Amino acid sequence: MPKMKTKSSAKKRFKVTGSGKIKRKHAFKSHILTKKSKKRKLALTHSALVHPTDERSVKQQLRLI
């Protein structure tokens, strides 16, 4: 039986923390930045955690469960 492959898109977008939570980046930070305020752009720079309702789906894509 061949091994299950992880979803390439998921492995590029998510990282697992030491405690098992999943980190993600914010969207809307790649282009059309002139109309966005400095405060908003700075807030989008910081990473966030995946919401608990989506965590199961992401873990499945990363083959953690």
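Below or above, wherever it landed, is the structure these notes cover. Note that the structure is a prediction, hence the values are computed from the model and not measured.

## Considering the overall build of the protein
The number of helices and strands found in the protein is 3 helices and 3 strands. Order of helices (α) and strands (β) in the protein, N terminus to C terminus: α-β-β-α-β-α. Here the protein has a C-alpha radius of gyration of 15 Å; the compact-globule value for 65 residues is 11 Å, and the former is much larger. Each of the three principal axes of the protein carries a C-alpha extent, and together these read 50 × 25 × 20 Å. Within the span of the protein, comprising 65 residues, buried residues form 14% of the whole. Pairs at least 24 residues apart make up 55% of the contacts formed inside the protein by residues separated by at least 6 positions. When the accessible surface of the protein is totalled, it reaches about 5800 Å², and 57% of it is carbon and sulfur.

## Description of the pattern of salt bridges
Per the stated rule, a full pass over the model turns up 1 salt bridge. Of the charged contacts in the structure, one is a salt bridge between Lys59 and Glu55, with a shortest N-O distance of 3.7 Å. Linking Lys59 with Glu55, this pair stays in helix α3 (residues 52–61), spanning 4 residues, or about one helical turn. Lys59 gets classed as partly exposed once you look at its relative accessible area, which sits at 21%.

## Describing the sheet that holds strand β3 (residues 48–49)
Read across the open sheet, the 3 strands follow the order β1-β2-β3; overall the sheet is antiparallel. A strand with exactly one partner marks an edge of an open sheet, and here the two such strands are β1 (15–16) and β3. When strand β2 (residues 22–24) meets β3, the two strands line up antiparallel, connected through 2 bridges. Along β3, the bridge assignment pairs Arg24 with Ala48.

## Concerning a nonpolar patch on the surface
Judged by side-chain polarity, Val16, Leu64 and Ile65 come together as a nonpolar surface patch covering roughly 290 Å² of accessible area. Within the fold, Leu64 resides in the segment after α3.

The rules behind the values
- Residues numbered from 1 in each chain as written.
- Predicted model: local features only at pLDDT ≥ 70, side-chain atom pairs only at ≥ 80, totals over all residues.
- Heavy atoms only, no water.
- Helix = DSSP H or I, 4+ residues; strand = E, 2+ residues; numbered from the N terminus.
- Rg over C-alpha atoms; globule rule 2.2 N^0.38 Å.
- Buried < 20%, exposed > 50% of the residue type's maximum accessible area, 1.4 Å probe, protein only.
- Contact = heavy atoms within 4.5 Å.
- Areas by Shrake-Rupley, 256 points an atom, 1.4 Å probe, with all protein chains shown as cover.
- Salt bridge = Lys/Arg side-chain N within 4 Å of Asp/Glu carboxyl O.
- Pairing = 2+ DSSP bridges.
- Patch = residues over 30% accessible without salt bridge, like charges linked within 9 Å, V, L, I, M, F, W, Y side chains within 5 Å.

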